[in-house]
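Coordinates in review
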Amino acid sequence: MNKRAFYNEMYGPDGAVRPHYEPYASWLDGKTVEYLLQKQREADTLYTRLGITFAVYGEDSGVERAIPFDIIPRVMQPGAWKKINDGACQRLRALNAFLKDIYHGQDIIRAGIVPGAQVLGNKMYRTEMRGFAVPGDVYVHIAGVDVVQTEAQEFYVLEDNLRTPSGVSYMLENRKMMMRLFPELFSRMSVAPVDHYTDVLLENLRSVAPAGAASPTVVVLTPGAYNSAYFEHAFLAQQMGVELVEGQDLFVADSNVFMRTTRGPQRVDVIYRRVDDDFLDPLAFRPDSALGVPGLFAAYRAGRVTLANAIGTGVADDKSTYVYVPEMIRFYLGEEPILQNVPTWQLSKTDDCKHVLARLSEVVVKEVQGSGGYGMLVGPAATRDEIEAFRARIRQNPDNYIAQPTLALSTCPTFCGTGILGRHVDLRPYVLSGKTVSVVPGGLTRVALREGSLIVNSSQGGGTKDTWVLEEQG
């Protein structure tokens, strides 16, 4: 697994174009760098004009930047996509079962499969959710499962994002952009559509509304315009045809949640929330939160409103919980995992910690609650000083870290201004759970634009590209 021969998704080892890329390669043949550069400029200008931006946390300027977008699509054959689709849905079914279990019978703990301390001692575990039956037993309505490819049919899950996964707006806007820039390609190739994502999302959200809501009212709850993902919050609300609200727009009366409107209060049944647990309700969690709704948690516990995703899901996307997902699949579903985990060392274990400390220059180390590419060490790309600084942090608090081998991430053709070069990619398919569990055929492909880099996060110099899942022919 630690081999350095990277799988090239477009070209075979002999340099021949792989069959699923052939229609695109024949179209690309003869296109000049100047033509591609002009198309790239068009895309960049449009994204800036549309306000498709993100903020880089930690930068003093706080400047919003246009999301880097690559005009070369990632093309996936149907067989590879089926494995990702089936594996991602399987994981979400198991993770939802795990969340129900740990807040009720705790069978998986009593069976000795997941240590009780791993769950009950986790800071993301919400004792307030004990014994509470969430609508339809769905805790995670929207998940982003990060997948990497290392061979033609070899995929690994890097992590499960189960709290407020972001990036789906880029998936949808990337497709619109490609159809605008290269309409002729879509008549040449059978690319599965993704634009029905928000229809499926809205249908799923309505399906878990409290009993008795004949025509459920759904809203998107945002922390506000200063949040780095605010564009996405506004985009999703607009696409679903629902209201985008902040905490101050909602209030609780008689255990029901209402939205302030120009026509008077309107009952709210489902809240797709993009606000973290701690800030949802100052009466139940952080009393200093100005982002939440006083009394929201009591209304939730009374069964008068549904929150998506449920409170307390963070315990299941902790990177120290990730290592148990294959066993969860076997325990709850009686199935073998379709997608494999990356082999992981838990630095809370003495032997694992010793092993990793002796090989820091070879591995990737991550904080168990880290995200966005922050709080991690990519050993092969780190300086000696960076490695030693990280070594000290691990020794100070080993429980806060896990480590993994540096995978040979696949490369995908990427336009780099002067030509097309291979760059490392991952994929975040978005899994939706309501009455059924499903994935739209595609996802957000993130690309490490810096040569040799394995970090694809936009906040760390990465970009995005459109993901074309080819439909079965015949």
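Residues numbered from 1 in each chain as written. Predicted model: local features only at pLDDT ≥ 70, side-chain atom pairs only at ≥ 80, totals over all residues. Heavy atoms only, no water.

Some remarks on the packing of helix 8 (residues 197–207) against helix 9 (residues 230–240)
Closest axis-to-axis distance for the helix 8/helix 9 pair is 9 Å, and the angle between their directions is 80°. When the axis of helix 8 is compared with that of helix 9, the two are roughly perpendicular. Contacts from Y197, T198, L201, L202 and L205 in helix 8 reach L236, Q239 and M240 in helix 9. The residue inventory of the contact of helix 8 with helix 9, partitioned by class, reads six nonpolar, two polar and no charged. (Axes fitted to C-alpha atoms, helices over the stretch in contact; angles between N-to-C directions. Helix = DSSP H or I, 4+ residues; strand = E, 2+ residues; numbered from the N terminus. Parallel < 35°, antiparallel > 145°, perpendicular 65-115°, else oblique. Contact = heavy atoms within 4.5 Å. Nonpolar A, V, L, I, M, F, W, Y, C, P; charged D, E, K, R; others polar.)

Overview of the sheet that holds strand 7 (residues 243–245)
What holds strands together in a sheet is hydrogen bonding between their backbones, with the strands either parallel or antiparallel. Reading across from one edge, 7-6-11-12 is the order of the four strands in this open sheet, with parallel pairing throughout. The strands lining the two open edges of the sheet, one partner per strand, are strand 7 and strand 12 (306–308). The mean angle between the axes of side-by-side strands here comes to 30°, regardless of whether they run parallel or antiparallel. Pairing of strand 6 (residues 218–221) with strand 11 (residues 270–273), which is carried by four bridges, proceeds in the parallel orientation. Counterpart to V220 in the pairing with strand 11 is Y272. Each of strand 6, strand 7 and strand 11 touches helix 9; the most contacted strand, strand 7, lies at about 150° to it. (Pairing = 2+ DSSP bridges.)

So, the sheet that holds strand 8 (residues 250–253)
If you trace the three strands from one edge of the open sheet to the other, you get 8-9-10, paired in antiparallel fashion. Strands at the two margins of the open sheet, each flanked by one partner only, are strand 8 and strand 10 (266–268). The sheet shows a mean angle of 45° between the axes of neighbouring strands, taken without regard to direction. Where strand 8 and strand 9 (residues 256–259) come together, four bridges link them in antiparallel fashion. Across the sheet, residue F251 finds its bridge partner in strand 9, namely F258.

Overview of the confidence of the model for the protein
Taken residue by residue, the protein gives an average pLDDT of 91. The fraction at 70 or more is 94%. This stretch, residues 57–61, has a pLDDT under 50; its non-local contacts, to residues over four places away or in other chains, come to four contacts. (pLDDT = per-residue confidence, 0-100.)

Considering the pairing of strand 6
It is a general feature of regular strands that their side chains alternate between the two faces of the sheet. Burial along strand 6 is two-sided: the residues V218 and V220 and V219 and L221 are all buried. Of the strand pairs in this sheet, strand 6 and strand 7 are connected by three bridges, and their pairing is parallel. What sits directly across from L221, in strand 7, is V245. Traced from strand 6 through helix 9 to strand 7, the parallel crossover comes out right-handed. (Buried < 20%, exposed > 50% of the residue type's maximum accessible area, 1.4 Å probe, protein only. Right-handed = clockwise from strand over helix to strand, strands pointing away.)

Concerning the nonpolar core
Of all hydrophobic cores here, the largest spans 69 residues; its most connected members are M129, L250, I271 and Y300. Top contributing element to this core by residue count: helix 3 (residues 78–102), with 11 residues. When sequence neighbours within four positions are dropped, the list of residues in contact with Y300 reads M129, F132, V134, V305, T306, L307, A310 and I311. Counting residues in each nonpolar core, the second largest holds 56 residues, with W27, F69, F415 and V425 among its members. (Core = buried A, V, L, I, M, F, W, Y, C linked by side-chain atoms within 4.5 Å.)

Observations regarding unusual backbone geometry
Note the cis peptide between A308 and N309, where omega equals -5°. Examined against the element boundaries, N309 turns out to sit in the loop between strand 12 and helix 11 (314–317). Of note in this structure, Q106 is not a glycine but carries a positive phi near 60°. Examined against the element boundaries, Q106 turns out to sit in the loop between helix 3 and helix 4 (107–110). Residue Q106 is classed as buried on the basis of its relative accessible area of 14%. The backbone of S255 shows a phi angle near 65°, a positive value even though the residue is not glycine.

Quick word on the pairing of strand 17 (residues 401–405)
Across the five residues that make up strand 17, a large majority, five, are buried. Covered by surrounding structure in strand 17 are Y401, A403 and P405 together with I402 and Q404, the residues of both alternating faces. Bridge analysis of strand 15 (residues 363–367) against strand 17 gives five bridges, and the strand direction is antiparallel. The residue bridging K366 from the neighbouring strand is I402, located in strand 17.

Observations regarding the side chain of D146
With respect to the secondary-structure elements, D146 resides in strand 4 (residues 142–151). A polar contact of 3.3 Å, which involves the side chain of D146, links it to the side chain of N161. Among the polar contacts made by the side chain of D146, one reaches the side chain of R428 at a distance of 2.7 Å. Apart from the residues lying within four places of it in its own chain, the contact partners of D146 are Y156, V157, L158, E159, N161, D426, L427, R428 and R446. (Polar contact = N/O pair within 3.5 Å; in protein donor to acceptor, adjacent residues only side chain to side chain.)

Quick look at the side chain of N122
With respect to the helices and strands, N122 occurs in the loop between helix 5 (116–120) and strand 4. A distance of 2.7 Å separates a polar atom in the side chain of N122 from the backbone nitrogen of M124.

Let's talk about helix 6 (residues 168–181)
The terminal C-alpha atoms of helix 6, which comprises 14 residues, lie 20 Å apart, in line with the 20 Å expected from a rise of 1.5 Å per residue. Burial analysis of helix 6 places 11 of its 14 residues in the buried class, which makes it a mostly covered element. Three or more residues of helix 6 are buried, namely V168, S169, Y170, M171, L172, E173, N174, R175, M177, M178 and L181. (Expected span 1.5 Å × (residues − 1).)

Topic: the pattern of salt bridges
Applying the stated criterion to the full structure yields 22 salt bridges. With its nearest N and O atoms 3.2 Å apart, the salt bridge here joins R163 to D317. In this pair, R163 sits in the loop between strand 5 (154–161) and helix 6 while D317 sits in helix 11, placing the two residues 154 residues apart along the sequence. Note that R175 and D466 form a salt bridge whose closest N and O atoms lie 2.8 Å from each other. (Salt bridge = Lys/Arg side-chain N within 4 Å of Asp/Glu carboxyl O.)

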